[in-house]
Amino acid sequence: MFASKRLGKELQKLHEKLPPGITLIQADDLKEWLMDIQVVDSNPIYQNEVYRLKFMFSPDYPIQAPEVVFVADETHPIPWHPHVYSNGIICLDLLDRQGWSPVHNVESVCVSLQSMLTSNTKKERPPGDENFVKHNKQRPRDINFVFHDNQV
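The sections below set out a description of the structure shown in this document. Here the structure is a predicted model, which means the values were calculated and not measured.

Within the structure shown, the criterion is met by zero disulfides. In this structure Cys 91 is a free cysteine whose sulfur lies 18 Å from that of Cys 110, the closest cysteine sulfur available. Judged by its relative accessible area of 0%, Cys 110 is buried.

Written out as structure tokens, the structure reads:
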């Protein structure tokens, strides 16, 4: 009940105004939304690229973080970043159980990911990307990442 009330308010706000480079694509229900983000500065790694995010909400949102992944299709690649796996899973403390706070919302997650991409200088995947993608069977929210790199 609380999740639907909170998501309804967030959706209304997203329809009214969004920061530059963030677009609401689909929010047909209160379980799964699609958002597009674009790096709005001149970072050459992400120039002219638009990335699609899928948000999946549990009934415990906003107490529990949404599950957020990049999704690829013919016009939206997975961004190259040392904290983004090639299957779209994002290693970001904000999306982790310990890093999440109910004060965050869809917009703040999009802005954080936009900022993460903007500040990146390395066109690379996380160490062990191929092995992780091949063998990981956990949902993104159940993965216990070790957060040790605040430089990218």
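After presenting the structure, the write-up continues.
This part is about the packing of aromatic side chains. Tallying each qualifying case throughout the model produces seven aromatic pairs. Ring centres of Tyr 46 and Tyr 51 lie 5.9 Å apart, and the angle between their planes is 85 degrees; this geometry places the pair in the edge-to-face category. Summarising the burial analysis for this pair, Tyr 46 and Tyr 51 share the class buried. Relative to Phe 57, the ring of Phe 55 has its centre 6.2 Å away and its plane inclined at 20 degrees; by these criteria the two rings are stacked. Accessibility expressed as a relative area gives 0% for Phe 55, which makes it buried. Aromatic ring contacts, followed pair by pair, group Trp 33, Phe 55, Phe 57, Tyr 61 and Trp 100 into a single cluster. One residue, Arg 125, lies across the ring of Trp 80, its end atom 4.3 Å from the ring centre.

Scoring rules and cut-offs
Residues numbered from 1 in each chain as written. Predicted model: local features only at pLDDT ≥ 70, side-chain atom pairs only at ≥ 80, totals over all residues. Heavy atoms only, no water. Disulfide = S-S within 2.5 Å. Buried < 20%, exposed > 50% of the residue type's maximum accessible area, 1.4 Å probe, protein only. Phe/Tyr/Trp six-rings, centres within 6.5 Å; stacked < 30°, edge-to-face > 60°. Lys NZ or Arg CZ within 6 Å of the ring centre and 35° of its normal.

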